[in-house]
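Listed here are the chains, written in short residue letters.
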Amino acid sequence: MSERKTTDYYHGIIKKVVGAFGALFSNIHITRRMGDSVTGDPAQTLKIPISFSQRTKWWTLLTSDPARAKQVYGTFPRMFYEIIGYTYDTSRKKNRGEAISCTDEDGGSYTLTPAPWNIDISLYVVGTSDEDVWQIVEQIIPLFNPDYSIKVKMLPELNVASDLPISLTSIALEDPYEGSPNDPRIIVYTLTFTAKTEFYGRVYEGGIIYDVQYNVDDMQENPLSHYHLVVDSSTGEIVIDEWTDFYSNNGYDPNTGEVVGEVVGDEDQDAEGETKP
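Calculation criteria
Along each chain, residues carry numbers from 1 onward, in the same order as the chain's sequence is written. In view of the model being predicted, local features appear only for residues whose pLDDT reaches at least 70, and side-chain atom pairs are presented and counted only at 80 or more, with totals across whole chains, interfaces and linings using the full set of residues. Values shown for side chains rest on all heavy atoms present in the structure; no hydrogens or waters enter the calculation. In this text, helices come from DSSP runs of H or I with a minimum length of four residues, and strands from runs of E with a minimum of two, each type numbered from the N-terminal end. Burial status follows relative accessibility: with a 1.4 Å probe on protein chains alone, a residue under 20% of its type maximum counts as buried, one over 50% as exposed, and anything between as partly exposed. The Shrake-Rupley method, run with a 1.4 Å probe sphere, supplies the accessible areas, and residue values consider only the shown protein chains as cover. On a scale of 0 to 100, pLDDT captures the predictor's confidence in every residue. In this description, contact between two residues means that some pair of their heavy atoms is separated by no more than 4.5 Å. Given a helix with a known number of residues, its expected span is that number minus one, times 1.5 Å. Put simply, two rings from Phe, Tyr or Trp (the six-membered ring, in Trp's case) pair if the centres are within 6.5 Å, and we call them stacked under 30 degrees between planes, edge-to-face over 60, tilted for the rest. The definition of a nonpolar core used throughout is a set of buried Ala, Val, Leu, Ile, Met, Phe, Trp, Tyr and Cys residues joined through side-chain atoms within 4.5 Å. Each salt bridge in this description consists of a side-chain nitrogen of Lys or Arg and a carboxyl oxygen of Asp or Glu lying within 4 Å of one another.

Considering the overall build of the chain
- Within the chain, the regular secondary structure consists of five helices and 15 strands.
- Every one of the 277 residues in the chain was classed for burial, and the buried ones make up 32%.
- Taken as a whole, the chain presents about 17600 Å² of accessible surface, with 48% of it coming from carbon and sulfur.

Dropping the structure here:
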């Protein structure tokens, strides 16, 4: 019987999705130019920072504390992202009970069919200048046509590396400018993505099977045939591989089901099941 590898488990699937998503946008730069913003001479190049943070946290900081907000404005443009929801993906549903296994000379481990779920993620591009924000957005949109896939090792113990398709589903613009003309302007582009992942259950451990006996009703000459396979555990070679008459080998009449001969057990017995003298 197989044994559970652990009584509880955590594969870090969500953590891996969050990390892979952030890595996609971790190397975006913009260039501020003299004169024309497209063809002018470069004046300043900035790498855009990105962090995993809830919108309410940084938005509250900007709107509720003007003194601290002035310090934060100096770090713009920047990006934030967060998970906004989960949905079950019925289009990717597989048959339940199928095993994913990994074996070696000592045996193997396996898990059952993963559950397909979509993780919805919002990416917020925040800046105080249209040109800055536009440069960032224009570097993101072409990547998703219609999606972008990343190879992620979701289950290292079974050597399972899965494609993580990420699709861009919508873009929304916020420009909630309020206050005096001297107050900084905040521009927020919200890009909504869907990451298609799978959640795996427990990983089980199992040994190697060396002896298999399987009965098949062939509905022909023999009412029940008997297949016997034995593997030498030291060499891995098959030493017995044969089909035989199940009833005759076990001392039964296939027509009546009665004992007709001797049955070999721990001790020699006669047809009535009594031990021979």
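With respect to the confidence of the model for the chain
- Here the chain averages 77 in pLDDT, and 63% of its residues register 70 or above.
- In this model, residues 259-277 is a region of pLDDT below 50 whose contacts with residues beyond four sequence positions or in other chains number 20 contacts.

Some thoughts on helix α1 (residues 13-24)
- Compared with an ideal rise of 1.5 Å per residue, which puts 12 residues at 16 Å, α1 spans 17 Å between its outermost C-alpha atoms and is within 8% of the ideal.
- The complete set of buried residues in α1 reads Ile-13, Val-17, Val-18, Ala-20, Phe-21, Gly-22 and Leu-24.

Structural notes on the packing of aromatic side chains
- As enumerated under the stated definition, the model contains nine aromatic pairs in all.
- A centroid spacing of 5.0 Å and a plane angle of 65° characterise the contact between Phe-21 and Phe-25, whose relative ring orientation is edge-to-face. For the residue pair Phe-21 and Phe-25, the accessibility class agrees, reading buried in each case.
- Between the aromatic rings of Phe-144 and Tyr-148, the centroid separation amounts to 6.3 Å while the plane-to-plane angle is 65°, which identifies the pairing as edge-to-face.
- Taking the relative accessible area as the measure of exposure, Tyr-148 reaches 32% and is therefore partly exposed.

A closer look at the nonpolar core
- One finds Phe-25, Met-79, Leu-123, Ile-140, Ile-166 and Phe-193 to be the most contacted residues of the largest nonpolar core, which totals 37 residues.
- Tallying contributions element by element places α1 first for this core, with six residues.
- Listed in part, the eight residues of the second largest apolar core include Leu-62, Phe-76, Phe-80 and Tyr-124.

Here we look at the pattern of salt bridges
- Counted by the stated rule, this structure contains five salt bridges.
- Between Glu-198 and Lys-94 there is a salt bridge, with its nearest N and O atoms 3.5 Å apart. Of this pair, Glu-198 sits in strand β11 (residues 187-199) while Lys-94 is found in the loop between β5 (78-88) and β6 (99-104), placing the two residues 104 residues apart along the sequence.
- Judged by its relative accessible area of 16%, Glu-198 falls in the buried class.
- Note on Lys-94: relative accessible area 40%, which makes it partly exposed.
- In this structure, the salt-bridge partner of Lys-151 is Asp-163, at a minimum N-O distance of 3.2 Å. Of the two residues, Lys-151 sits in strand β9 (residues 147-155) while Asp-163 sits in strand β10 (residues 160-174), which places them 12 residues apart along the sequence.

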